[in-house]
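Each chain, letter by letter, is given below.
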Amino acid sequence: MRLESTIGEKYSLRVGTAIGLTLVTTLAFGVLLTAYAAAAATGTVPALVGTLFVLTLNMGLLGIVLGGNVAVEFRELIDAAESIEDGDLEATADSNRRDEIGQLAATLDSMRRSLKEALDESERAKREAEAARSDAESARERAEAARAESERRNERLLEHADEIGTAMTTAASGDFRRRLSTDADIDAIDRIAEGYNEMTRDLSETIDELAAFAADVEETSEAVANDATAVEELNESLAADIRALADDVVSQADQLEATVAETSDLSATIEEVASTTDEVAGRTVEATEIGDEGAERVEAAVDTVRSVEDAIDDLATLIDELDDRMAAVESTTELVDDIADQTNLLALNANVEAARANEAGSGFAVVANEVKALSEESQTAIDDIGSIIADARAEVDDVTAEMATTRERIEAGVDTVTDAGETIQDLTETVDEVDAAMEDIARATDNGAAATEEVASTVQSVGEAATDVADRSHDLADAADETAKTMGEVRSRAEDLVDRTNDLRDTLETFETRDTTASHEPAGAVGVNDV
Amino acid sequence: MFESAAVYAASGVVYALAFVAFLTWSRRLSPRVRRMCHVLIALVGIAAVTSVLNAAGVGTITYGAESENLPDLIDDLLAYSILCGLAGALAGASRRLVATLVAVVFLMRASFAATTFVDGVVAIGAVLVVLVGYAAVVFLFAGRIWENAAQLSDRQRLLHWKARNLFLFLFGMLIVFGVAVFVDLLDPFVTAVVKCYIDVLFRVGFAGFLFANASVIEDDASGALLAERPGGGGGGETPPKAAT
């Protein structure tokens, strides 16, 4: 498709057909002669020569057809170009070819059209120039006639112009009283005269109005200047007052800031007191608990002392009983001591009897000696026991005395402990009261701290507001200064306006205006109306 | 399969088909050009007949080892001469000039046929006649005949220019072909193939070319396509202005 489209874009149908037919024919003969060469043993060279011959033939024919066309196309293009060169812009070299020759023909034709259009344009311009030249000729003739008429009119115009110039010179010097005649029979002169008359009348009216207006302006400017001076002074005073007020407000704001700081410190102190009070209340509770515990322990101590007292009583009883027993032992010891003495006697008697019995009584004498020894030991032991019991009784006596002393002390201790318990009870009650008071103090300090903080916040807000007021006061003072400055400028300009108005009035007084109250004035009349 | 008779038979079929086609085509042409077209159709018809005769071996003259088909020779003598004359007539050449062309071409083809049967100097002379005749034809076409063509319309001059070039090229190739046959570069089958192809191009191609440009012939302002025109002087050849 691409090859086909490329060929279609490049060649016309006729050329494409010729090329295709040539190609097909050449291939057909090539196939035929190749088949012949394959079939015939000696047909290779003739077939090759025949094929080349056919190929040459076809190429030649194709060359004649296409080459002839190309030559003809180029000849046409050359002829067309030569015709165009000779000025024949109708000569065309149309070609239906799509290749470069066709493009060249199209380009040449486009160039021809462009040249034709340019030439047509040139011809049209030439005709227009000739028409313009003709118009210019006729215009020149008309201008000659007009010039003669113009010269005649010019003389009259000069006369009137001189009159008008004189009037203008007079008007330029400020004298508007002169009037020009309007019957010169020259429309322009009459219109100029009418215009001059109207102008001088209007100028007279305008100058009169300007003079009146200048007087009003001067008066008004003076009033404005005076007012501006008053406003300026007032604003300057106001600015000073506002600035002083702002300074006071700034001072108060500083004091409020200090108050805020102190209030904040007070609030912190109150909060610290509250904290301490809370701590004291806590300690009071602990003291109350300790007091209760102490009271309980006092009661326990009293009970213990009383039980000790009871034990001492019991011990005294026992000691009494011991003393009695000791007395009984002492009596028993004395009995045993008697028994030991009797035993010793009995042993002595037995020795005596044994000695009399000689040998038969030797054994008995041994027993009697033993009994005697035992009796002596019993005697010794009893002596010891008696000594011990005596010591014991003495100590029991000491104990009894000591116990009496102890009981007295215990009773004194019971009294003391009881007093201490009562004191602790009183202390506990006092601590409870202190605790309640501390709670009240804590609540009060909390409330006081909160109130103090609120006061500090409020004072701070007031301080900020005061700062804002001070800032705005400064701005207001600046604005008042600015206003005063502006009013000063207004005053200056009003004074300048007064000066200029004076100058204007001086200038206007140099004009001599016409009396415009009369509706019709004769030409050349002069109505003096000095400003 | 590869027999010369088959080639002639096939060319006969081509001629027959072309004859019918041209005959049908000629009915749509104007009477002014139909006569010329009939001459061309007649040449195609004769070629068809002679091809069939040649395929059948009828009319073959044998002299020694060489042979020549007489109907084919007659066909060539008629066709080449008439076509050359037509090419000259398309340029508006005079009758004498056209007759000269016809005679020269006739002599050339006859001399070429003679080379088949003669040897030596005679054969060389016959070949020289062919070559000189060809040069003479070229000279006439490029000289006086082209000067006559300058008086034609651009399209007609282009038609003549193309017809002349076609004839000269085909005839030149025919001469080259004859030389190739003369030096035995081609065998009988290839000779028959190439010869038939050239003949078909001469007759059918030429006829088709003129049929396709019948409108150009008809546009002749003078209305005398084959009429004698006054001859002009010599001069160089330039391509015609109008393309066909």
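Everything quoted here is computed from the prediction, not taken from an experiment.

Conventions used here
- Residues numbered from 1 in each chain as written.
- Chains lettered and ligands numbered in written order.
- Predicted model: local features only at pLDDT ≥ 70, side-chain atom pairs only at ≥ 80, totals over all residues.
- Heavy atoms only, no water.
- Helix = DSSP H or I, 4+ residues; strand = E, 2+ residues; numbered from the N terminus.
- Buried < 20%, exposed > 50% of the residue type's maximum accessible area, 1.4 Å probe, protein only.
- Contact = heavy atoms within 4.5 Å.
- Areas by Shrake-Rupley, 256 points an atom, 1.4 Å probe, with all protein chains shown as cover.
- pLDDT = per-residue confidence, 0-100.
- 1 Å grid on protein atoms, 1.4 Å probe; cavity = no way out; pocket = protein on both sides within 12 Å on 5 of 7 lines; lining within 4 Å.
- Points joined across faces, edges and corners; volume = space filled by probe spheres on them.
- Nonpolar A, V, L, I, M, F, W, Y, C, P; charged D, E, K, R; others polar.
- UniProt positions renumbered as here; feature names shortened; annotations may be inferred.
- Salt bridge = Lys/Arg side-chain N within 4 Å of Asp/Glu carboxyl O.
- Polar contact = N/O pair within 3.5 Å; in protein donor to acceptor, adjacent residues only side chain to side chain.
- Core = buried A, V, L, I, M, F, W, Y, C linked by side-chain atoms within 4.5 Å.

Q: It is not clear to me how the overall build of chain B should be interpreted in this structure. Could you clarify?
A: Along chain B, the regular secondary structure elements total 8 helices and 2 strands. Helices and strands in chain B line up, N terminus first, as α-α-β-β-α-α-α-α-α-α. The buried share among the 244 residues of chain B stands at 52%. A fraction of 79% describes how many contacts in chain B between residues 6 or more apart in sequence connect residues 24 or more apart. Accessible surface, chain B as shown: approximately 10500 Å² in total, 69% of it carbon and sulfur.

Q: Would you mind showing me how to read the confidence of the model for chain A here?
A: Parts of the prediction with low pLDDT should not have their coordinates interpreted in detail. Residue and element names in this part refer to chain A. Of all residues in chain A, 94% have pLDDT values of 70 or greater, and the mean over the chain is 81. By mean pLDDT, the top-scoring element of chain A is helix α2 (residues 13-39) (87), and the lowest-scoring one is strand β2 (residues 529-530) (46). Ignoring residues within four places in sequence, the model shows residues 527-531, a span with pLDDT below 50, making 18 contacts including any to other chains.

Q: Is there a simple way to explain the layout of surface pockets in this structure?
A: Summary: where empty space remains is shown by rolling a probe the size of a single water molecule over the atoms. All names here are of chain B. Reported here for the largest pocket is a volume of approximately 1200 Å³. Around the largest pocket sit 42 residues that line it, and Ser-67, Glu-68, Thr-116, Val-181 and Thr-191 are the ones nearest its centre. The leading source of residues in the lining of the largest pocket is helix α6 (residues 154-182), at 8 residues. Of the residues contributing to the lining of the largest pocket, the split by class is 24 nonpolar, 9 polar and 9 charged.

Q: Is there a simple way to think about the UniProt feature "coiled-coil region" (unreviewed entry) in chain A in this case?
A: In the UniProt entry, the feature "coiled-coil region" (unreviewed entry) is given for residues 305-332 and 389-447 of chain A. End C-alpha atoms of residues 305-332 of chain A are separated by 38 Å, and the span's content is 100% helix alongside 0% strand.

Q: Just to check I follow, could you spell out the pattern of salt bridges for this structure?
A: Side chains that differ in charge, positive against negative, can pair when their charged atoms come close. All names here are of chain A. Taken as a whole, this structure holds 28 salt bridges over all chains when the rule is applied. When the shortest N-O distance is used, the salt bridge between Arg-491 and Glu-232 registers 3.1 Å. Here Glu-232 lies in helix α5 (residues 187-356) and Arg-491 lies in helix α6 (residues 362-509), a separation of 259 residues in the sequence. The partner of Asp-313 in a salt bridge is Arg-407, with the nearest N and O atoms 2.0 Å apart. Within this pair, whereas Asp-313 is found in helix α5, its partner Arg-407 is found in helix α6, the two being separated by 94 residues in sequence. Its relative accessible area of 27% is what places Asp-313 among the partly exposed residues. For Arg-407, a relative accessible area of 28% translates into the label partly exposed.

Q: Would you take a moment to explain the side chain of Asn-69 of chain B for this structure?
A: Residues and elements named next belong to chain B. If you trace the backbone, Asn-69 turns up in strand β2 (residues 66-69). Residue class for Asn-69 comes out buried when judged on its relative accessible area of 6%. At a separation of 3.2 Å, a polar atom in the side chain of Asn-69 contacts the side chain of Asn-54. There is a polar contact of 3.2 Å between the side chain of Asn-69 and the side chain of Thr-60. Asn-69 has contacts with Asn-54, Val-58, Gly-59 and Thr-60, leaving out every residue within four places of it along the chain.

Q: Could you clarify how one ought to interpret unusual backbone geometry in this entry?
A: Generally, phi is negative for residues other than glycine and the peptide bonds are trans, each holding for most cases. Residue and element names in this part refer to chain B. Phi angles above zero are rare outside glycine, and Asp-184 is one such case at about 60°. Looking at the element boundaries, Asp-184 is found in the loop between α6 and α7 (188-212). Assessed through its relative accessible area of 63%, Asp-184 is described here as exposed.

Q: Sorry, what's going on with empty space enclosed by the protein here?
A: Residues and elements named next belong to chain B. Counted by the stated rule, this structure contains 3 cavities of 30 Å³ or more. In terms of lining, the largest cavity is formed by Tyr-8, Ser-11, Tyr-15, Thr-50, Ser-51, Asn-54, Asp-72, Asp-75, Lys-195, Cys-196 and Asp-199. Of all the elements in the fold, those that place two or more residues in the lining of the largest cavity are α1 (4-26), α2 (31-56), α3 (70-90) and α7. Classifying every residue of the lining of the largest cavity gives 3 nonpolar, 4 polar and 4 charged. By volume, the second largest cavity is sized at about 40 Å³.

Q: Explanation requested: the nonpolar core in the structure shown.
A: Counting residues in each nonpolar core, the largest one holds 88 residues, and the members touching the most others are Val-137, Phe-141, Phe-167, Phe-202 and Leu-210 of chain B. Per-element tally for this core: the top contributor is α7 of chain B, with 17 residues. Once residues lying within four places of it in the same chain are set aside, the contact partners of Val-137 of chain B are Cys-84, Leu-101, Val-104, Val-105, Met-108, Phe-167 and Leu-168 of chain B. Counting residues in hydrophobic clusters, the runner-up holds 14 residues, among them Ala-167, Ala-171, Phe-176 and Ala-211 of chain A.

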